[in-house]
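The primary structure of each chain is shown beneath.
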Number of protein chains: 4
Amino acid sequence: MSFNTFGRLFRVTTWGESHGPALGATVDGCPPGLPLTEADIQPWLDRRRPGQNRHTTQRREADAVEILSGTHEGRTTGTPIQLAIRNTDQRSKDYGDIATRFRPGHADIAYHLKYGLRDPRGGGRSSARETAARVAAGGVARVALAQLCPALKIVGYMLRMGPHEASRARFDMEEIARNPFWTPDPVAASEWAVHLDAIRKAGNSVGATIELVARGAPPGLGAPIYGKLDADIAAALMSINAVKGVEIGEGMAAAALSGTENADEIEMGPDGPVFASNHAGGILGGISTGQDIVARFAVKPTSSILTPRATIDETGAPVEIVTRGRHDPCVGIRAVPVGEAMLACVLLDHVMMHRAQVGEGPAGRIG
Amino acid sequence: MSFNTFGRLFRVTTWGESHGPALGATVDGCPPGLPLTEADIQPWLDRRRPGQNRHTTQRREADAVEILSGTHEGRTTGTPIQLAIRNTDQRSKDYGDIATRFRPGHADIAYHLKYGLRDPRGGGRSSARETAARVAAGGVARVALAQLCPALKIVGYMLRMGPHEASRARFDMEEIARNPFWTPDPVAASEWAVHLDAIRKAGNSVGATIELVARGAPPGLGAPIYGKLDADIAAALMSINAVKGVEIGEGMAAAALSGTENADEIEMGPDGPVFASNHAGGILGGISTGQDIVARFAVKPTSSILTPRATIDETGAPVEIVTRGRHDPCVGIRAVPVGEAMLACVLLDHVMMHRAQVGEGPAGRIG
Amino acid sequence: MSFNTFGRLFRVTTWGESHGPALGATVDGCPPGLPLTEADIQPWLDRRRPGQNRHTTQRREADAVEILSGTHEGRTTGTPIQLAIRNTDQRSKDYGDIATRFRPGHADIAYHLKYGLRDPRGGGRSSARETAARVAAGGVARVALAQLCPALKIVGYMLRMGPHEASRARFDMEEIARNPFWTPDPVAASEWAVHLDAIRKAGNSVGATIELVARGAPPGLGAPIYGKLDADIAAALMSINAVKGVEIGEGMAAAALSGTENADEIEMGPDGPVFASNHAGGILGGISTGQDIVARFAVKPTSSILTPRATIDETGAPVEIVTRGRHDPCVGIRAVPVGEAMLACVLLDHVMMHRAQVGEGPAGRIG
Amino acid sequence: MSFNTFGRLFRVTTWGESHGPALGATVDGCPPGLPLTEADIQPWLDRRRPGQNRHTTQRREADAVEILSGTHEGRTTGTPIQLAIRNTDQRSKDYGDIATRFRPGHADIAYHLKYGLRDPRGGGRSSARETAARVAAGGVARVALAQLCPALKIVGYMLRMGPHEASRARFDMEEIARNPFWTPDPVAASEWAVHLDAIRKAGNSVGATIELVARGAPPGLGAPIYGKLDADIAAALMSINAVKGVEIGEGMAAAALSGTENADEIEMGPDGPVFASNHAGGILGGISTGQDIVARFAVKPTSSILTPRATIDETGAPVEIVTRGRHDPCVGIRAVPVGEAMLACVLLDHVMMHRAQVGEGPAGRIG
C-alpha cells in the first residue's frame, strides 16, 4: 500500500513527483480561525530552498507555495488546506542513465521491484523534493502552535557532518541563522565548509546528524502505548528521505549508562517539577514532562554521486553508473528545516489529541 | 488521546495493567485458515517470562496465554483473536512508596501530569509487563508469516550491556539460545553475567542494545512516504518501554560516512540482485530490497532501582525514593523477544499491505 | 480485511463469538478520571439481555460484564478498558444442521465464501450476541457523555413491527420502559404482543423499525466531508446485525418533498437559534445544529426460523433447512438498546473530535 | 475534527471550495501499472457537469480535470494521484445575502456554529461542487476495477422525483443515457420534465431517490464487524451533500416483512449459488454474496430557493432570505454519477482489503 498521509488529527497528505507539474500537501484537521496566508509559509520554504549557496544543489526552484483551499479572507476555515508548489526547473535531460540503471543506495531499485515501474525523472516520488511539501505543512502547524502553545519554540541544527562533530561547548544559538549549515558552532561551520568543498570536488557526498529541540512544550503530550510522543517523532523523522537513525534524549548512548547515571532527578521549581538533567529528552513513558524535547536523526550521504559505482540495469546486466545532475553533496543541510517541520506537525497533532481526551491543559498538578 | 492499537491491516490492540486482573492483545485482521492454538504462542511468551534465571526480575508469572476468540477447531477464522493473560503474582504491598513519590526516569510523573491519576501498582499501564501482550501478538504474526513468507526468519540478540559490547568476530548464532542474554557472542555472555551481578548487588541497573535481523524478507515491502517500512519499524521499536534510539542498517553511524563508503553496490545473482554490502539495512526509500533487514534499538537502564534518588511527591515536597520490589536490573534482556515480536507484526502488516495494492509478490523483475 | 474497531478517538474494538468462551469490547481513548465500575454498565446490558419475556430468545445468558483493565479505584485512567462477558449458556447441540447448510438470509454463506471456514456455533461472529459488547461499550460512552454533555439524553424506541406502525399521536415517553417492545405507544405494544405471538407460533419472524433521539446535543458536532455526523451514524447503525436501512430526520421521505416543505425555518430563541420544524433531524451539512438528532433504522426479520426453507449445503446439494434453537422472533426488539449504544459512541467520538479541533464548545455564536 | 479522507486502502481526500481557485482529490493507494490519463476521468465528470440542460444549474463550469501527480507515461505509479479542477465561473456577487443570513435547510448555520467562520461564496466547502472531486476519484477507481474485477458493472439511476416514482415495469436500462434524469423509465422522464419545469418556475426545488446497482461483484467483499460492506456504502452515500437516507436491498421496507418473505432461498447454479430473490441487496452479514449489490439513497430538495423563507442573520435578527444565483432545482439529478463514483470507490477499497487478508479471490467454494 501507499500511505502518504501523516498524523492522526492534524493530517498531512503529501503528493507529487520531483519533475511532475507540481507537488504539495493537503492539510486536514487544522483548527479554524487562524490567520494564514502564503506569507506565513513561504519563509520556511525559503530556508529549505536549494541553490542559496554553493553547498546545496544548484537546481533553481522558486518553491513558491500557493494556498488553493481552506482559508477565507486570510483565516483558516477548518476545512482542508491545499498547499501547491509548481515545479519550474525540470531539466529532465540530466537524468538519462538513471532511467534504466539503479543507483546504489538509492530508492530506484526498491521502487522498481515493488511497483514494476517508476517515475525516474529526478527520483520521482522518492526525491528529496518531496520534503518541500512537508515544510509547507509544517508552516501551517507552526501557525496553529503559535496560538495553542505560545511558549513553544522549535529549533533544529546540524551536529555532525561526516567525521566532523560540532562541539556543545561552542554552541551559540544565534549562530544558527548565520551559517549555511544551520549549526550553532561557528568553528564547525568553518570546518564543514572546507570539508564539503573537498567532498563536492571529489564527486562524493557526506552524511550528517541533525538535532531538534522543542522548548516550552506543555507536559502531558503523548499517547500510550502505540501513539507515544517519541514513537510518533521516530516515525516522522525516519520517514524523511535518507534518514537511518533516530534518537530521543540520550538515544543509543542510553544503552551504555547505568540507572543512577541515566535517571533525571526531580525537584520542585516555582512553576512545577524541575529536573536535574535531561537524559530522557523530555519524554517519559511516551509522554512529555515539560522539559525540552530533544531528538536527533542521522542522514546518510546522498547516493547520487559523480564517482562511478558498480551496479546493474533493468535487464540485470552489470554496468557502471555516474549520477550527473545537480545533487546535494550533503542532503543533511536541507534536512534541518524538514526535521523542524515534522516535529511541529507531531507536536500539534499531540496537542490536539490531548485536548480531545483530557481537555485544555494537563489534568494533573503537583504541589 | 490514548492509542493502544498498532498496525494498519494486521492490527494489535494491547490492554491491561501490570497488577490488574489480566492483560492481553486483541489481534484483528489475521488471515483466515491458519493453524493456531495456544501452543503456537506460548513458547514465545516463555522466552520473555521473568524469573527464569538470576538476571531478570524474580516476579513469578506463568504468563499463560488463553485464546478467547477468533479460532474454530484450531484454525483462525479471520475474526478478532483475543489473547488474554491472567495476572497471578500481584504483591501490591511491594509498591508502597511509589504510589505518591515519582521515580526519576519513570513514566509515573508523566502519567500523573497527563491524566491526573494513574494506576501505581507495578507501573500500571507503563509496566514492562505490557510487552507480554506484544509477544503474544507476535506469535500470531509468526504463524501467518510462516505461511505467507516461508523463507522469512526473524532473530534478535543483545549487542551491548552498559559499557560492554559484543564482538561480531565472535558471533555464533547457535549461541543465542544458550545464554541468558540472547547474545551470539559467548565471551560477552560471560562478561555480562559478572557485570550484571555487580550491578544488581549495587542496587543499580544498566542499559542495553538489541539487534534484530529479518532474513528472507521479500523485496517490495514498504509504503512510501509515511508508511515506509523503516518508519513503521522505528515507531514499533520506539513504542517499547524504555527504548530511546532506533537504527536501520548503519543507523546513526551513517552520518559519518561518505557516499562512496555508504552506497551498497549491486550485482546480479542467480535469483535477483545481490548487494556488495548492507549499509542500508535491507531498506531503500522505505522499501525492502530482499537483503537482510537489520534494525537496532537501545534500551535505557531500568529506572526502578534500590539506590536512593532525589525526587518529589505529589504535593511537590522533596523526598528520597528507593524502589523496592522485583525489578529487572537490565530490562534490555527481556526486550529481545519483544523486539522480535514487533518486527514480526510490522513485516506481516506490510506483506498484507503489499498484497492489497500490488497483489502476490513484487511487481517488478530484473533480468 | 477484518475491521472490528469503530470510532476515531473513542475507539471500540469488539471481539468474540456467540459460543466461544467469552466476548467483549476493548474501549480505547476514554477520558480519564471518570467514575466507572461494572454497575455503570450492567444496567444497559440487562436491558438487552435475552430471555426476560416470551418475546425474545429463551437463551439464558447472565451477560455479566467484567472490567479487566483501564480503571483504578473506580475511576478511568485514560488507558484501554477491557470489558469481558463470559458466555455461559452454550447448547451447541442446538446447531447441528447449520454447520453444513446455509440459512437463507443469514451470514453463513457469505462468511463461508469469504473465509473458507467459519465458526458455525450460534452464528459465530455474526451472531446478534456480538451486540452485547456494543452495549457494554455504550455504557462507558454514556458515563463520559454525562460529564462532557450533561444535558444530553439519548432514547430509542420501536416504531414499527412488521405491518404494524406505532402512532406518534399516542406517544408517551414514559411508556417506553413499561412494555417489552420499548415503544412509547401503549396501543401498539398490545397489538405487537398479539402479532408476535402469532409469528412465533407460526415458526416465522418479523422485522422492525427503531427510532433514536438525542436531545440536548450541542451544536457543532460533525466533521465534513467524510466524517459527517450523519455519515458516522449511518455507518454505526448499518453495522448492527440485520439492519438494512438508515434514515436521518425525514430520511427516505425527503425525496418526496419540495424545498419549501423541507427546509426548517429559523428564528431566534432565548438561548440561540430555534427551528420551526425538524425535517433535518438535527443535522445540516453533516454538523449538529442543536436540535434533536433523529435517526431511524430498519431491522430485517430474523433469518433463523422454524419454517422449512430451500437452500444448499457446502457440497452444493439442494436441501431444506429448519433452524431450531432459541432465536428471537423479532430481533428488532433487542436492537433498541444496541442502537442507543451506537449513537452514544458516535456522539462521544464527535464531542472529542470537536474538542480536538475547535476546543471546548462551539466556536460560533449568533446574536 | 475535519475528516476529508474516505476509504481504508484506496483513500480519497477531497479538498477545495466552490469559489476558491480550485478543488480536487488526492487519491492514495491506487494499484500501480494501470493505464490512466485525464481522458479516463473526464467522461464521468462530463456526466455530472452542470448546465447541460435546463434542469440543472446554469453555472458553466468546464470541470476539466488535470492529473498533477502519480502517473508516468500514462500509467499509475502507485504513488498519490492528485486530481485538480480549476474553478472558472465564480460570480461571487450572486451570493450577497447569504454571507450573513442563514439559509433554512442549508449547512450555513451549522458551519457558523462549529467553526465561528465560513467561506460563504457558493456554499464554500459544503457546496455540491465538492462532489466533482468525488466523481474524478471514482473515475480512477473504475480504471482499477476494470482490471481487478472485469465483470463488475456499476450503474445508477433516478427512481423518484418528489411525488413521482418511476415504475420498474417500464425499466429499460438503455433509456438511462437518453434522458436528462438518468432514469430507465421513459414515461417517468417525461413526467419529471414537466414537474421540474413547474418547480423551477415556482422558485422551489424537489427531492429525489437514486438507486445504484453493482452487477458482477465477486462474493466475499466486506469486513465484519465495523467495516461491513453495507456499512461502508451507507457512510459513503450519507456523506454526499443533501442525502438523508440510505437503503440496502429491501431497505426500510424490510421492517414490514416476515422471515419467510424476506429470506432469499438458495439453489445451486452452474457457477455457484443462485438466489431465488434479492431482498438482501447482495449483502449478508456485511459481506457480498455474488448477487447484484443494490443500494438506494434519498436526496433532499435543494435548500437554496427563490421562495422567501424566514430565518435569522448572524446577529440573531429575524430576516427573510431569497437565494438568488444558479442553483439546481433537483440536486438529485447530478447525484446519480456521484453515487456511482462513491460505490466504485467503496468496492475497490473492499477488493483490496479482501486481497490483503485472504488473497486473490474468495477463499471458500461451494460444490
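These numbers come from a predicted model, not from an experiment. (Residues numbered from 1 in each chain as written. Chains lettered and ligands numbered in written order. Predicted model: local features only at pLDDT ≥ 70, side-chain atom pairs only at ≥ 80, totals over all residues. Heavy atoms only, no water.)

### Quick word on the overall build of chain A
When its secondary structure is counted, chain A shows 7 helices and 18 strands. Its C-alpha atoms give chain A a radius of gyration of 21 Å, near enough to 21 Å, the size a compact globule of 367 residues would have. Across chain A, every contact between residues at least 6 apart in sequence was considered, and the portion connecting residues at least 24 apart equals 70%. Carbon and sulfur atoms make up 52% of the accessible area of chain A, which totals about 10,600 Å². (Helix = DSSP H or I, 4+ residues; strand = E, 2+ residues; numbered from the N terminus. Rg over C-alpha atoms; globule rule 2.2 N^0.38 Å. Contact = heavy atoms within 4.5 Å. Areas by Shrake-Rupley, 256 points an atom, 1.4 Å probe, with all protein chains shown as cover.)

### As for the interface of chain B and chain A
Listed as interface residues are 114 residues of chain B and, on the opposing side, 114 residues of chain A. Taken together, the two surfaces of chain B and chain A that pack against each other cover about 8,800 Å², and 64% of this comes from carbon and sulfur. If you look at where chain B meets chain A, you find 2 salt bridges. A salt bridge links A:Arg309 to B:Glu265; its shortest N-O distance comes to 3.7 Å. The interface formed by chain B and chain A contains 60 residue pairs in polar contact (both at pLDDT 80 or more). By residue number, the principal contributor to the side of chain B that touches chain A is helix α2 (residues 108-115) of chain B, which donates 7 residues. In the side of chain B that touches chain A, the residues fall into 58 nonpolar, 37 polar and 19 charged. Sheet topology note: the strand β11 (residues 243-248) of chain A/strand β11 (residues 243-248) of chain B ladder contains 3 bridges and is antiparallel. Its bridge partner lying in β11(B), A:Gly245 is registered against B:Glu247. (Buried area = accessible area lost by both parts, 1.4 Å probe. Salt bridge = Lys/Arg side-chain N within 4 Å of Asp/Glu carboxyl O. Polar contact = N/O pair within 3.5 Å; in protein donor to acceptor, adjacent residues only side chain to side chain. Nonpolar A, V, L, I, M, F, W, Y, C, P; charged D, E, K, R; others polar. Pairing = 2+ DSSP bridges.)

### Let's talk about the interface of chain D and chain C
Counting residues at the interface gives 114 residues for chain D and 114 residues for chain C. Across the chain D to chain C interface the summed buried area is about 8,800 Å²; carbon plus sulfur atoms make up 64%. For the interface between chain D and chain C, the tally reads 2 salt bridges. Scanning the region where chain D abuts chain C turns up 59 residue pairs in polar contact (both at pLDDT 80 or more).

### Regarding helix α3 (residues 131-148) of chain D
The α-helix winds at 3.6 residues per turn, so residues separated by three or four positions along the chain end up facing the same way. The end-to-end C-alpha distance of α3(D) is 25 Å, a good match for the 26 Å that 18 residues give at a rise of 1.5 Å each. Most of α3(D) sits inside the fold, with 15 of its 18 residues counted as buried. (Expected span 1.5 Å × (residues − 1). Buried < 20%, exposed > 50% of the residue type's maximum accessible area, 1.4 Å probe, protein only.)

### Comments concerning the relation of the copies chain D and chain C
For these two chains of identical sequence, chain D goes onto chain C by a turn of 180° and a shift of 0.0 Å along the axis, with RMSD 0.0 Å. The superposition operator between the copies reduces to a two-fold rotation axis. (Least-squares fit on C-alpha atoms with pLDDT ≥ 70 in both.)

### Regarding the packing of helix α5 (residues 229-238) of chain A against helix α5 (residues 229-238) of chain B
One can describe the packing of α5(A) onto α5(B) by two numbers: an axis separation of 8 Å at closest approach and a directional angle of 160°. The pairing of α5(A) with α5(B) is recorded here as roughly antiparallel in orientation. As for how α5(A) packs across α5(B), the hand of that crossing is right-handed. Where α5(A) approaches α5(B), its residues A:Asp230, A:Ala231, A:Ala234, A:Ala235 and A:Met238 are matched on the opposing element by B:Asp230, B:Ala231, B:Ala234, B:Ala235 and B:Met238. (Axes fitted to C-alpha atoms, helices over the stretch in contact; angles between N-to-C directions. Parallel < 35°, antiparallel > 145°, perpendicular 65-115°, else oblique. Left-handed = near helix turned anticlockwise from the far one by under 90°.)

### Looking at the confidence of the model for chain A
In low-pLDDT segments, the atomic positions of the prediction should not be examined closely. Per-residue confidence for chain A gives a mean pLDDT of 93, with 98% of residues at or over 70. Among the scores for the predicted complex, ipTM is 0.96 and pTM is 0.97. (pLDDT = per-residue confidence, 0-100.)

### Quick word on the side chain of D:Ser126
Residues and elements named next belong to chain D. Inspection of the secondary structure assignment puts Ser126 in the loop between α2 (108-115) and α3. Given a relative accessible area of 17%, Ser126 falls into the buried group. With near-sequence residues (within four places) excluded, Ser126 lies in contact with His106, Ala107, Tyr111 and Asn241.

### Topic: the relation of the copies chain B and chain A
Of the transformation superimposing chain B on chain A, the axial component is 0.0 Å and the angular component is 180°, with the fit at an RMSD of 0.0 Å. Taken together, the interface assignments show that 100% of the residues at the interface of chain B recur at the interface of chain A, consistent with an identical surface on both copies.

### What to know about the environment of D:Thr14
If you trace the backbone, D:Thr14 turns up in strand β2 (residues 11-16). Between the alpha carbons of D:Thr14 and D:Lys114 there is a distance of 20 Å; along the sequence they are 100 residues apart. Setting aside residues up to four positions removed in sequence, D:Thr14 forms contacts with A:Pro80, C:Tyr226, D:Asn4, D:Gly24, D:Ala25, D:Arg125, D:Glu130, D:Ala133 and D:Arg134.

### Details of the packing of aromatic side chains
Under the criterion given, the structure shown has 16 aromatic pairs over all chains. Their ring planes at 80° and their centres at 5.5 Å tell us that A:Tyr157 and A:Phe171 sit as a pair that is edge-to-face. Of this pair, A:Tyr157 sits in strand β8 (residues 153-161) while A:Phe171 sits in the loop between β9 (164-165) and α4 (186-201), and the two are 14 residues apart along the sequence. The buried category is assigned to A:Tyr157, whose relative accessible area is 3%. Of note, B:Arg8 hangs over the ring of A:Phe3, and the distance from its end group to the ring centre comes to 4.5 Å. Here C:Lys114 stacks its cationic end above the ring of C:Tyr115, 5.7 Å away from the centre of that ring. (Phe/Tyr/Trp six-rings, centres within 6.5 Å; stacked < 30°, edge-to-face > 60°. Lys NZ or Arg CZ within 6 Å of the ring centre and 35° of its normal.)

### So, the pairing of strand β10 (residues 208-215) of chain C
Residue and element names in this part refer to chain C. Among the 8 residues of β10, 7 are classified as buried, and the element is accordingly described as predominantly covered. With 8 bridges joining them, strand β8 (residues 153-161) and β10 adopt antiparallel strand pairing. If you follow Met158 over to β10, its bridge partner there is Ile210.

### So, unusual backbone geometry
Residues and elements named next belong to chain B. Across the junction of Pro224 and Ile225, the peptide omega takes the value 5°, indicating a cis bond. Summarising the element assignment, Ile225 is placed in the loop between β10 (208-215) and α5. Of note in the backbone geometry, Asp63 takes a positive phi value of approximately 50° without being a glycine. Within the secondary structure layout, Asp63 lies in the loop between α1 (38-48) and β4 (65-67). Even without being glycine, Trp182 reaches a positive phi, approximately 50°. Relative to the helices and strands, Trp182 resides in the loop between β9 (164-165) and α4 (186-201).

### Some remarks on the sheet that holds β9(B)
The 10 strands lie next to each other as β9(A)-β8(A)-β10(A)-β16(A)-β11(A)-β11(B)-β16(B)-β10(B)-β8(B)-β9(B), forming an open sheet whose pairing is antiparallel. The two strands at the open ends of the sheet, each matched to only one other strand, are β9 of chain A together with β9 of chain B. Where helix α7 (residues 332-357) of chain B meets the sheet, it contacts β8 (153-161), β10 and β16 (293-299) of chain B, and its direction lies at approximately 145° from that of β8(B).

### Considering the side chain of D:Lys228
Along the chain, the position of D:Lys228 falls in the loop between β10 (208-215) and α5 (229-238). D:Asp230 provides the closest opposite charge to the buried, salt-bridge-free D:Lys228, at an N-O distance of 5.9 Å. Residue contacts for D:Lys228: discarding those within four places in its chain leaves C:Met238, C:Ser239, C:Ile240, C:Asn241, D:Ala223, D:Gly285, D:Gly286 and D:His350. (Lys, Arg positive; Asp, Glu negative; His and termini not counted.)

### Remarks on α4(A)
Residue and element names in this part refer to chain A. Taking 1.5 Å per residue, 16 residues should reach 22 Å; α4 reaches 23 Å between its end C-alpha atoms and fits that length. For α4, the full list of buried residues reads Ala188, Ala189, Trp192, Ala193, His195, Leu196, Asp197 and Ile199. Among the structural elements, β8, β9 and α7 (332-358) are those in contact with the buried residues of α4. A side-chain oxygen of the first residue of α4 lies 2.9 Å from the backbone nitrogen of Val187; this N-cap is Asp185. At the exit of α4 stands Gly203, carrying a positive phi of roughly 65°.

### A word on the sheet that holds strand β4 (residues 65-67) of chain C
All names here are of chain C. Reading across the sheet, the 5 strands line up as β1-β2-β3-β7-β4 and stay open at both edges, with antiparallel pairing between neighbours. Of all strands in the sheet, those bounded by a partner on one side alone are β1 (5-6) and β4. Alignment of strand β3 (residues 22-28) against strand β7 (residues 81-86), held across 6 bridges, turns out to be antiparallel. Bridge pairing in β7 links Ala25 to Leu83. Packing against the sheet, helix α1 (residues 38-48) makes contact with β4 and β7, and its axis sits at approximately 155° to β4.

### Comments concerning the environment of D:Glu250
All names here are of chain D. Secondary-structure assignment places Glu250 in the loop between β11 (243-248) and α6 (259-262). For the pair formed by Glu250 and Asp264, sequence separation is 14 residues and the distance between their alpha carbons is 11 Å. Apart from residues lying up to four places away in sequence, Glu250 is in contact with Leu257, Asn262, His279 and Arg296.

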